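As a plain string of letters, each chain reads:
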Amino acid sequence: MKKTFICCKSFVAKISLLAILLIGFSCQQPAEPRPDFVLVIHGGAGVIEASRMSVQQDSSYRAVLNEALATGSLVLESGGSAVDAVIAAILVMEDSPLFNAGKGAVYNEAGIIEHDASIMDGSDLSAGAVGSLRSIRNPILAAHRIMVDGRHVFMVAEGARQFAIQAGLETVDPQYFFDQNRWDNYERTRKTQLEKEFPVQSKHGTVGAVALDKSGNLAAATSTGGMHFKREGRLGDSPVIGAGTYADNLSCAVSATGHGEFFIRNAVAYDIAARMKYAGQSLQEAADEVVMEKLAALDAGGGIIAVDQQGNIAMPFNTSGMFRGYVVAGQKPVVKLFAGE
Ligand code: ASP
């Protein structure tokens, strides 16, 4: 009798254990396999609203973003590095007059275009950055050459120009960067300045890209003409490693866009990476807290794009829109302009 009771008890125990295991097993999410590669891009954040954009403008922006994604993802697809992919994507946007980088850069107070750019390789933390370049066609290539050279990280103005020329990069006449719309904008601001009104930049057209390649390496890059009507010689966050750009295989790759002075003071890109590394936050938590809480509380408009080593993507922005898009291996590219899209 006693034996039967024990047997019965152990049978019930076994069944309950099995049930617990089965329930536990069915509730457990199968771990998402890491995608082969991921590419995320942005073309700036700010007052970007469907009501202020013509159908033509809307489709032009989407077309260039799609082209940048296609060009960068081709590199990743064929086994290229995250570094080469972010460069490829940025070159497309630097060569477009639509974005505030390369060809489409904004004018400073003196009516001159000064470009800034930076790049970082998350596999070894090597980095390169340039500031206040006036005649190098693709500033991101100059930043990359500095990174590969390895002696310095950050070079500006004439020294950076000379370095880029010696590295064989293409120089252009400043006229190459001329854009009537940007110039009209400059003239409008100059006139209001004479009336002692502070210029307001409603749209930041900086471009950026972050990528995860097939080898699991991360990279980030950013390129810009800086803030509209900035002082001559002013540098924003875009060329500052840790502020506008950061990549570390142990956390994530980040590229930012927005009011640079706030992004520098808050070491935005590094803050997101550090939260993941030291506080164990997920990419989304870290990015949201920095952009939607910390920066928003300071009234610092802008956003970031980021990817981590598992291929998770975050693209928070606290403005009405951000030109953005991503490709995940095996999936269709996605491009978005407005909030809530
Ligand atoms: N962050 C850039 C800067 O402050 C501007 C932008 O994102 O458009 O120079």
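Further up the page is the structure itself.
The next point concerns the packing of helix 2 (residues 55–77) against helix 3 (residues 82–94). Each pair of packed helices can be described by the angle between their axes along with the distance between the axes. Packing of helix 2 against helix 3 brings their axes to within 8 Å, and their N-to-C directions diverge by 155 degrees. By the angle between their directions, the pair helix 2 and helix 3 is classed as roughly antiparallel. The way helix 2 lies across helix 3 gives a crossing that is right-handed. Together, V64, L65, E67, A68, T71, G72, V75 and L76 of helix 2 and A82, D84, A85, A88, A89, V92 and M93 of helix 3 make up the contact between the two elements. Partitioned by chemical class, the residues of the contact of helix 2 with helix 3 number 11 nonpolar, 2 polar and 2 charged.

Below, the discussion takes up the packing of aromatic side chains. Using the criterion set out here, one finds 10 aromatic pairs in the structure. Their ring planes at 85 degrees and their centres at 4.9 Å tell us that Y107 and W183 sit as a pair that is edge-to-face. With a gap of 76 residues between them, Y107 in the loop between helix 3 and strand 2 (115–121) and W183 in helix 6 (residues 180–194) connect regions that are remote in the sequence. With relative accessibility at 6%, the residue Y107 sits in the buried group. Taken together, a centroid distance of 5.1 Å and an interplanar angle of 85 degrees make the contact between Y246 and Y270 edge-to-face. Of this pair, Y246 sits in strand 7 (residues 245–247) while Y270 sits in helix 8 (residues 268–279), and the two are 24 residues apart along the sequence. Ring pairing ties together the aromatic residues Y107, F178, W183, Y186 and F229, which thus form one cluster. Stacked on the ring of Y176, the Lys or Arg K103 has its end atom at 4.6 Å from the ring centre. Across from the ring centre of F262, 5.3 Å away, lies the NZ or CZ of R265, which sits over that ring.

Rules of the game
- Note that residues are indexed from 1 along each chain, following the sequence as it is written.
- Residue-level local features of this predicted model are given only where pLDDT is at least 70; pairs of side-chain atoms are given and counted only at 80 or more, and the full residue set underlies all totals for whole chains, interfaces and linings.
- Note: side-chain values were computed over all heavy atoms of the structure, leaving out hydrogens and water.
- Working convention: axes come from line fits to C-alpha atoms, limited for helices to the stretch in contact. Angles between N-to-C directions cover 0 to 180 degrees.
- The secondary structure listing takes helices from DSSP runs of H or I that are at least 4 residues long and strands from runs of E that are at least 2 residues long, numbered from the N terminus.
- What sets the label is the angle itself: under 35 degrees gives roughly parallel, over 145 gives roughly antiparallel, 65 to 115 gives roughly perpendicular, and the rest give oblique.
- Each helix crossing is assigned a hand: it is left-handed if the near helix lies turned anticlockwise from the far helix by less than a right angle, otherwise right-handed if that turn is clockwise.
- The contact definition used throughout considers only heavy atoms, calling two residues in contact when any of these lie within 4.5 Å.
- Note on residue categories: nonpolar means Ala, Val, Leu, Ile, Met, Phe, Trp, Tyr, Cys or Pro, charged means Asp, Glu, Lys or Arg, and polar means any other residue, Gly included.
- When two rings of Phe, Tyr or Trp (its six-membered ring) have centres within 6.5 Å they constitute a pair, described as stacked for plane angles under 30 degrees, edge-to-face for angles over 60, and tilted for the intermediate range.
- For the exposure calls, accessible area comes from a 1.4 Å probe over protein chains only, and a residue counts as buried if that area is under 20% of its type's maximum, exposed if over 50%, partly exposed in between.
- Comment: the charge-over-ring label is applied if NZ (Lys) or CZ (Arg) is within 6 Å of the ring centre and within 35 degrees of the ring normal.

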